[in-house]
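The primary structure of each chain is shown beneath.
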Amino acid sequence: MLGLLEFIIFIGIVCYVFNKNSTTKMLDALQARANELWRTEPRNPGDMFSSNNSRTAHEQIRKELAQKKDRQKKMLESELFNIKEKPVSFITPPSKYLTGLSCKFCAPGNSESQLDPSQKRRDVIDILKVTKHAGWRPNASKYDWGTWCPHMAQSLRLKSYNYPQVSQSVMQDERMRTAIRQAAKDALEEKKQKLSECHTENDDDFDETEYYDNMLNFNENRAKKLLAELRSAVSEALLRTTSWVLYKLLPMFLSGVAAHPAHIEMLKAASNKMPNVPMIFLPLHRSHLDYILVTFILCNNDMRAPLVAAGNNLNITFFGRLLRGLGAFFIKRKIDPVAGKKDVVYRGLLHTYMQKALVAGHDIEFFIEGGRTRTGKPCMPKSGVLSVIIDACMDHTIPDALLVPVSINYEKLVDGNFVYEQLGQKKKPETFKSAISAIWKTLNSQYGLMRIDFNEPFSLRELVNSFSKTNEIGSRTGNRHLLQHNLSTSSLYGTDVVQEEHRVLVDRIARHVVYDCASATSIMTTNALAFLLLTQFRDGAPLSVLVEAMNCLRDDVSRGNRDIGFTGTSEDVILYAANLLGPSTVTIEKWGGQTFIRPVTIIPNVIELYYYANTVVPFYALDSVIVTVANNLAKLRQNNGSLLEDVGVSEDEICEISKQFCDIFRYEFIFCKPCQNFNTVLLDAISTLSDKNIVRKPMIEVTEEETRANRIAKFLENDNQIDLSDNSLSDDENANVWKRSLCEKQNIFLPAEKHCDRIVLMTVLAPITHTYLSVAKTLHHLVGCNSIIENEFISKCVQEITYRLKDGNCKFGESISTDSIRNCIKLFEKWNIVDISTSTGARLLSLNPIYNSVAGVRQTVDRINRFIPL
């Protein structure tokens, strides 16, 4: 029955196609006849219907219609001729800021963007849709089998590359031999120390040479075993097979994988321009699907598959071999097995293997954050693997390297959520059974769209030279710029003692990459909706109100040089995102015929929703800092009966306290590029807020005499360094300069009409601030005691936040976050409030003697509490 129905439909389509022209002509004739009957009016109806002149009237009408038809025909022919002769005009879309470009200060060689602006205006494409013919031969006909099996043909036509194995050369490298000898020497020294501490009669028979040789053989065998577990084994057959499988499986749970064709062309152009230079792909890590899709996109666009640094937790049955064949090499999650003691063999092995791979021509991909983000925000970089690449570049092992930051985002996270980890539970290790279960669950779910953006490649050597030059200038002027606030504590820096300048340089580059990736990450539908619900509409809102807020958010983000990863009306976007997130996080209700959308703010659901909102949070983080500081200062200075909008706050004071606030969040956000002056960034942010009227920065008109007087004063303040006779600026420009100078000394006011907007901005960072306050309050458990295990202290912090939620002192359930708790512990360690020691593999926390009192804890609490929005 079904086959008969399909046959009838097919015959109908064929008949329609072959009779399409005649059907169109018939419809045109009917339409013309209808126009004659309904639109044609006689000049004199009385004459037309008179018995004596009816035939004459009809003939007159037909004659007029024929003349009218001839005139229309001539007019159409004339218009068609004019259109043909005129030059074709193209509609140019409005210009848009190009995201993902390299920093022109740090990479001046990229003075001209490698990303063509006209190409950037093209729409992103779904790479899962193979629309072009992909047969065996370039000139294959439409009857070629590739037309009927495009995915298989596309996978078989992947460009072949040579992927040389470097394992054999690793063990022969001098760096590796030195590391093995160093390990044997350290083992001998440790043995001798133990013997000296507990001397016995048998100790006199100890043979140092024999023991050293044994340790030498032991470490060499250990290095070979570690190398077998570490190495990759790229297989072209497996790459082709996996490509075909992904074409079939990905559409089952993803609505598409969006990428920009101009980005791929940009990477190809950069690779052709510097053919012997390896590319280093640096994605932010959100899902296990990240590295698979990066390789998938590159291979299907005729680019080399990179070697991917993966955690050894993924080296499990079957899947470990599969990932190894796709280019993965497995790195230990914990490089040093014994706390406080460097594993020089493993460090030397990893360092040597990566450098040999670079010399052999391999591209490399690794996640600069280390593991996947558990909060949705970018993590602070771990610079160990990057340090190996920079070292290879600086010692001319490789001529250069092209760094390619990669921004990846999902509408819904494929790996599930990290809620229970944020509540303090341990991460479950990956197993074959859990992997199969996760794949089965994934294939039977829907996760929306995945978006990937390749940022502009830039030269690593040029970046190193630029940073080194900046640091030298700072040294000569006495205004040395700190390259980074905090050095990575878990990095691999080779087996040698590395100079502090090199460590700082590596960490600065790593922070720059993370900042670039975060700035170029596209905001998806679920990110925008979750952010609106948690910052403005925690109690829910009608759909019409949400639509207005979504329109404002889209405009604001677009003006702020961020990319929106969705199109369509805001109403459709909101409903789509709400359905995708599901009823566990967002509920859709009908009240009186009106759609009402509400976030689920109970724990743990709100933590999952906060994950999606956190993609937008870094965009507003600095604005939130400034507005919170300005609001708190204004309220503290508000007199009885006075209006808050009449209370002025010094801009200099706002900047100074904002720096302190940003210092608290040093492990949460990267507020600016390492090459930027933070004072300038703060002033620019205040000016932007003033343009939006969030804060008011009054302008003062100055006369020509006042401008001249101010210029003389500035001349005297700067020890006669300004040339008063310099006329390079016009009078109007000089006046504007002094207007800005005077405005900087004026107070900042808070307009009453923007009070709600300021509350929204203060809410952006409030959950994290409450987390830090709760950790500070939990320090009282350490008063008077020797130490406590870190995990136990984290559990007490979670309990403290829970108590504050029940008491109503905190209304943000998403404040429960073990990641933020750990970041706060790092901060207190940096401030010398907490001391951390390691014993038997466990981290122990204790209070510094200066703060080991109730008064010391209270001082820490007050230090955080001043930034809670009043």
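Once that is clear, we can look at helix α9 (residues 174-197). Counted at 1.5 Å a residue, the expected span for α9 with its 24 residues is 34 Å, and the 35 Å between its end C-alpha atoms agrees. Listed as buried for α9 are Met176, Ala179, Ile180, Ala183, Ala184, Ala187, Leu188 and Leu195. Residues of α9 that are buried make contact with α8 (167-172), α10 (208-230) and α15 (344-359). Taking the backbone nitrogen of Arg175 as reference, a side-chain oxygen 2.9 Å away marks Asp173 as the first, capping residue of α9.

Okay, unusual backbone geometry next. In this structure, the amide linkage connecting Ile603 to the following residue, Pro604, adopts the cis form with an omega of 10°. Tracing the sequence through the fold places Pro604 in the loop between β12 (594-599) and α24 (605-613). For Asp302, which is not glycine, the phi dihedral falls at a positive 60°. Tracing the backbone through its elements, the reader meets Asp302 in the loop between α13 (289-299) and β4 (307-311).

Now for the environment of Ile364. Relative to the assigned elements, Ile364 resides in strand β6 (residues 364-365). In this structure the C-alpha to C-alpha distance between Ile364 and Val308, which are 56 residues apart in sequence, comes to 5.9 Å. Every residue in contact with Ile364, bar those within four places of it in the chain, is listed here: Met279, Ile280, Phe281, Pro306, Leu307, Met354 and Leu358.

Now for the pairing of strand β8 (residues 449-454). For β8, a buried count of five out of six residues is recorded, marking the element as mostly surrounded by other parts of the structure. Examined bridge by bridge, strand β2 (residues 256-259) and β8 share three bridges and lie parallel to one another. By the bridge assignment, Ala258 is partnered in β8 with Arg451. In terms of strand pairing, strand β7 (residues 402-410) meets β8 through five bridges, oriented antiparallel. The residue bridging Tyr410 from the neighbouring strand is Met450, located in β8.

Turning to the sheet that holds strand β16 (residues 834-839), a few remarks are in order. Strand pairing within a sheet occurs via backbone hydrogen bonds; the two strands may be parallel or antiparallel. With antiparallel pairing, the three strands of this open sheet are ordered in space as β15-β17-β16. For this open sheet the edge positions go to β15 (788-789) and β16, each flanked by a neighbour on one side alone. Sheet topology places β16 next to strand β17 (residues 842-847); six bridges connect them, and they run antiparallel. Bridge pairing links Ser837 to Leu844 in β17.

Under the counting rule described, the total for this entry stands at seven cavities of 30 Å³ or more. The calculated volume of the largest cavity comes to roughly 160 Å³. Taken together, 17 residues make up the lining of the largest cavity; nearest its centre are Leu239, Tyr291, Ile292, Thr295 and Leu326. Going through the elements one at a time, α11 (236-253), α13 and β4 are the ones with two or more residues in the lining of the largest cavity. Per element, the largest residue contribution to the lining of the largest cavity is five residues, and it comes from α13. Residue composition of the lining of the largest cavity, grouped by class: 12 nonpolar, five polar and no charged.

Procedures and definitions
- Residues numbered from 1 in each chain as written.
- Predicted model: local features only at pLDDT ≥ 70, side-chain atom pairs only at ≥ 80, totals over all residues.
- Heavy atoms only, no water.
- Helix = DSSP H or I, 4+ residues; strand = E, 2+ residues; numbered from the N terminus.
- Expected span 1.5 Å × (residues − 1).
- Buried < 20%, exposed > 50% of the residue type's maximum accessible area, 1.4 Å probe, protein only.
- Contact = heavy atoms within 4.5 Å.
- Polar contact = N/O pair within 3.5 Å; in protein donor to acceptor, adjacent residues only side chain to side chain.
- Pairing = 2+ DSSP bridges.
- 1 Å grid on protein atoms, 1.4 Å probe; cavity = no way out; pocket = protein on both sides within 12 Å on 5 of 7 lines; lining within 4 Å.
- Points joined across faces, edges and corners; volume = space filled by probe spheres on them.
- Nonpolar A, V, L, I, M, F, W, Y, C, P; charged D, E, K, R; others polar.

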